[in-house]
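# Observations on the model geometry
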Amino acid sequence: MGRLCIIARSVSPPSPHPSPMSAGLNLAQLQAVHYTEGPCLVLAGAGSGKTRVITHKIAHMIERGLEPRRIAAITFTNKAAAEMRERAKGLIGRAAKDVLVCTFHALGVRMVREDGKVLGLKPQFSILDQDDVTSILKDAAGGTTDAATARQWQWTISLWKNMGLNAAQALAQAKDDHERSIALIMQRYEERLAAYQSVDFDDLISLPLKLLRDHPEVRAKWQAALGHVLVDEYQDTNATQYDLLKLLVGERGRFTAVGDDDQSIYGWRGATLDNLKKLPIDFPQLKVIKLEQNYRSTSAILRAANNVIGPNPKLFPKTLFSELGEGEPVRVVDADSEEHEAERAVARIQGLRAAANPPPDWKGFAILYRANHQAKPFEKALRKAGIPYKVSGGTSFFDRAEIRDLCAWFRLWINSDDDPAFLRAITSPKRGIGHTTLGALGQFATQHKQSLFAALFSPMLPAALPRRALDGLHEFGRYVNDLEYRARQTLGAENARAFLADWLKEIDYEKHLYDGEDSEKVAAARWSNVLEFCDWMAQRAGGQIDDTAGATTQMEIKSLLEVAQTIALLSTLSDREKDQDVVTLSTLHASKGLEWPHVILAGVTEGMLPFKLDDDGGRQQKVSDETLSRLQEERRLMYVGITRAQRSLAVSWTKKRKKGREMVAAQPSRFIAEMALDKTTAREDPREKLKALRAEFALKAQNAAKVA
Ligand code: ATP
Ligand code: MG
């Protein structure tokens, strides 16, 4: 591995005459911000201000005359994009709205929409979600497959795609019969996607890559359009994303990548640290900048983080220091069960609130864990205590059946060749068109190599179907066309709102929900989701929301059709989450890049974190390379978790954990020992709940006295 040469180090205090833009940046950060002529890599530990460098650099370049629309800043999630846009706006005002701040996938949508015709895609292609993909895969395999197997294939195919392989290449490199059979299914899957004019999430990277690689005119256009590309969380890019970046910036290499090799936690999804290693080789003129001051956490927290990550191999040596003082000791909390662990977390939150006057906001607390299912006991305990919370990184609003029903209609307006959307829309609500009719239509469409929608208007179809069935199909087809025409003309929030309300009435969707649910309460909740969703669509059509995936220009009035196309990319109604004063429950993966004053890391139990390693809790001397590399990724995950905390950190583990259906005795994670905490201060007093209640009572009494 080539050592990276470090040419700048952070030195405090910052420059003697800071301009408003450079205020709050140290020397090394300023160097990274000011270096705009060529490739730049900021490689630094957690909380050292990497993301801050990106926002300030955007502002700096605009101040120096680069047009905002020639800057692209790529973030890891839509939420991070929204936050970055917000921060850039704080620095430079409205000019920030024209900067393209988005994920690689959203950038991909824009590129494929603008230039996909050279690949045979029309601008209005559909973006398939996970469920569509699994059902297409099942269908491609002959229809007898169970969902779990289909998801397994999807996983493998996705990894191949992220490695830049198409079906033919995957077949050529397949190791055994099993892989060969998946490659063959992938081939059929690719054919179906092409026929449906649809793309999956991985295509949103691989198609733009193909565009730039195989079409010099498109490449020249994008290279000229983008003056500078900035990439946050660079350590978690995958091979195709790196290739895309290289082609976007061309030989001049005007880009800024910021990242931390110790926070690479998406290896399981194809992200590769090779991208960091390759940069200085592919761009010999690369300027590498190292930041060493952590501005987020107290020394106690940072020391625990440094100790944990210590045993991992280093891409480059780094030490982080903090000037925020020693702070509270990191606490270890043991619990008898998951329920007990949740109770203790709630008690800790209450205790910390009661101990400070004024008490910290709820939004200052986060409970982080490895896997989604761990949220449940915490949700219950928080509810019981009447503490407001949100679960982020969990099941998305857009995965709800009612929202997916509506999205199927939108997809059909956008791309009438989208067969999966056709089948969902025509049956949601049911409109008297039965499976026999749909089966016959499907057969006809396959025979004539057409999409279902195109087949429906074929002059030859009447010969294949009875009159009544045909009338129903035609009516549906005409209605979709009419909606599409109207959605295209529907501009702005008010018009969109009226349009959506009329449409829901026309298809009688509310009745459909109530008919399909035994419980009125459930139906009412689903209907309220629908209304909320429509309202959210309308707001976006009005351009009031500036947290879209970034694929369309921000703050402009949009047609409903334009709004509809980017929906598949969004995983949350992020504006709903904005600034709510609630405790955050999140997976460690979804917590990347974020920070909270008080963090509780839960489930730090051997077998959960690190997750099931076959090395006997670290006692085995010799382990396979695979086990070792998994352990290293788990350690990075722990490091990410620890470094989210600003002022206080508690790490909790349970003496029992689930193993299959049984409960088995469990040990604290080896990472707790690796944190090398001071034993006399680390153990949290199990009577803290009592203390918390006393303190809360005292505070209330104090306030009551004040009022009196
Ligand atoms: P991560 O690795 O977790 O993504 P990061 O390196 O991107 O972290 P930031 O999120 O940019 O770090 O910064 C961490 C915190 O430190 C933020 O609250 C940020 O505002 C603050 N910060 C960064 N640089 C400075 C600085 N020079 N002066 C004061 N505060 C700073
Ligand atoms: Mg960051």
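Residues numbered from 1 in each chain as written. Chains lettered and ligands numbered in written order. Predicted model: local features only at pLDDT ≥ 70, side-chain atom pairs only at ≥ 80, totals over all residues. Heavy atoms only, no water.

### Examining the overall build of the protein chain
For clarity, the cut-off: Strands here are runs of E lasting at least two residues and helices are runs of H or I lasting at least four, both read from the DSSP assignment and numbered beginning at the N terminus. The contact criterion used throughout is that any non-hydrogen atoms of two residues lie within 4.5 Å. Using a 1.4 Å probe, accessible areas were evaluated by the Shrake-Rupley method; residue-level cover was limited to the displayed protein chains.
Scanning the protein chain from terminus to terminus reveals 29 helices and 18 strands. Considering only residue pairs separated by 6 or more positions, the protein chain has 78% of its internal contacts joining residues 24 or more positions apart. With an accessible surface of roughly 31700 Å², the protein chain has 52% of that area assigned to carbon and sulfur atoms.

### Focus on the packing of aromatic side chains
Filter applied, for reference: Pairing of aromatic side chains here covers Phe, Tyr and the six-membered ring of Trp, requires ring centres within 6.5 Å, and sorts the geometry by plane angle: under 30 degrees stacked, over 60 edge-to-face, intermediate tilted. A positively charged side chain is recorded as over a ring if its NZ (Lys) or CZ (Arg) lies within 6 Å of the ring centre. The angle to the ring normal must also be within 35 degrees.
Per the counting criterion, the structure on display carries 15 aromatic pairs. Aromatic pair Trp413 and Phe499: ring centres 5.7 Å apart, planes at 85°, arrangement edge-to-face. Residue Trp413 is found in helix H16 (residues 401–414), and its partner Phe499 is found in helix H21 (residues 492–507); the two are separated by 86 residues along the sequence. Members of the aromatic cluster, each reached through a chain of ring pairs, are Trp409, Phe410, Trp413, Phe422, Phe453, Phe457, Phe476, Tyr479, Phe499, Trp503, Phe533 and Trp536. Lying over the aromatic face of Tyr35, Lys287 brings its terminal NZ or CZ to 4.7 Å of the ring centre. For the cation-ring pair, Lys592 lies above Phe76, with the distance from its terminal atom to the ring centre recorded as 3.6 Å.

### Overview of a nonpolar patch on the surface
As a reminder, the rule being used: Every patch collects residues that have over 30% relative accessible area and no salt bridge, joining them within 9 Å if they carry like charges and within 5 Å if they are nonpolar side chains (Val, Leu, Ile, Met, Phe, Trp, Tyr). Basic side-chain nitrogens of Lys or Arg form a salt bridge, by our definition, when they fall within 4 Å of a carboxyl oxygen of Asp or Glu. For every residue, the accessible area obtained with a 1.4 Å probe (protein chains only) is divided by the maximum for its type, and the residue is called buried under 20%, exposed over 50%, and partly exposed between those limits.
A cluster of nonpolar side chains, Trp155, Leu159 and Trp268, forms an exposed patch at the surface whose accessible area comes to about 280 Å². As for its placement among the helices and strands, Trp155 is situated in helix H6 (residues 147–162). Exposure remark for Trp155: the relative accessible area of 39% places this residue in the partly exposed category.

### Side note on helix H18 (residues 435–447)
The criterion, for reference: A helix is expected to span 1.5 Å for every residue after the first. Arc definition: it is the arc formed by the directions from the helix axis to the C-beta atoms.
In this model, H18 (13 residues) spans 18 Å end to end at C-alpha, consistent with the 18 Å of a helix rising 1.5 Å per residue. Those residues of H18 lying buried are Thr437, Leu438, Leu441, Gly442, Phe444 and Ala445. In an axial view of H18, the angular spread of the buried residues amounts to 165°, which keeps them on one side of the axis. Facing away from the buried side of H18, by more than 90 degrees, are the exposed residues His435, Thr436, Gln443, Thr446 and Gln447.

### Structural notes on the pattern of salt bridges
In the structure shown here, the tally under the stated rule is 39 salt bridges. Measuring nitrogen to oxygen at the nearest pair gives 4.0 Å for the salt bridge that ties Arg213 to Asp214. In this structure Arg213 comes out as partly exposed when scored by relative accessible area, which is 47%. Looking at Asp214, the relative accessible area reads 43%, which means it is partly exposed. Across the pair Glu233 and Lys592 runs a salt bridge whose closest N-O atoms are separated by 3.5 Å. Of this pair, Glu233 sits in the loop between strand S6 (228–231) and helix H11 (239–249) while Lys592 sits in the loop between strand S14 (583–587) and strand S15 (596–601), and the two are 359 residues apart along the sequence.

### Re the nonpolar core
Nonpolar side chains in soluble globular proteins tend to be buried together. What counts is decided by this rule: By convention a nonpolar core is built from buried Ala, Val, Leu, Ile, Met, Phe, Trp, Tyr and Cys residues, the set being connected through side-chain atoms within 4.5 Å.
Membership of the largest hydrophobic core comes to 53 residues, with the highest contact counts inside it found for Trp409, Phe410, Trp413, Phe422, Trp503, Phe533 and Met537. By residue number, the principal contributor to this core is H16, which donates nine residues.

### Observations concerning the pairing of strand S17 (residues 656–659)
If a strand is regular, its side chains alternate between the two faces of the sheet. The test is simple: Should DSSP find at least two bridges between two strands, the strands are regarded as paired.
The pairing of S17 with strand S18 (residues 662–665) spans four bridges and is antiparallel. Among the inter-strand pairings, Arg657 is bridged to a residue of S18, identified as Val664.

### Some details on the side chain of Glu634
Tracing the chain through its elements places Glu634 in helix H26 (residues 625–642). Residue classification places Glu634 among the buried residues on the basis of a relative accessible area of 7%. Excluding anything up to four places from it in sequence, Glu634 contacts Arg370, Met608, Leu609, Pro610, Phe611 and Phe671.

### Points about the sheet that holds strand S16 (residues 645–654)
Our working rule: Here an axis means a line fitted to C-alpha atoms, over the contact stretch when the element is a helix, while the angle between two N-to-C directions is reported on a 0 to 180 degree scale.
The strand order across the open sheet built from six strands is S11-S16-S15-S12-S14-S13, with neighbouring strands paired in parallel fashion. Edge positions in the open sheet fall to strand S11 (331–335) and strand S13 (389–392), since each of these has one partner strand only. The average undirected angle you get between the axes of adjacent strands in this sheet is 20°. The pairing of S11 with S16 spans five bridges and is parallel. Residue pairing in the sheet places Ala335 in a bridge with Thr654 of S16.

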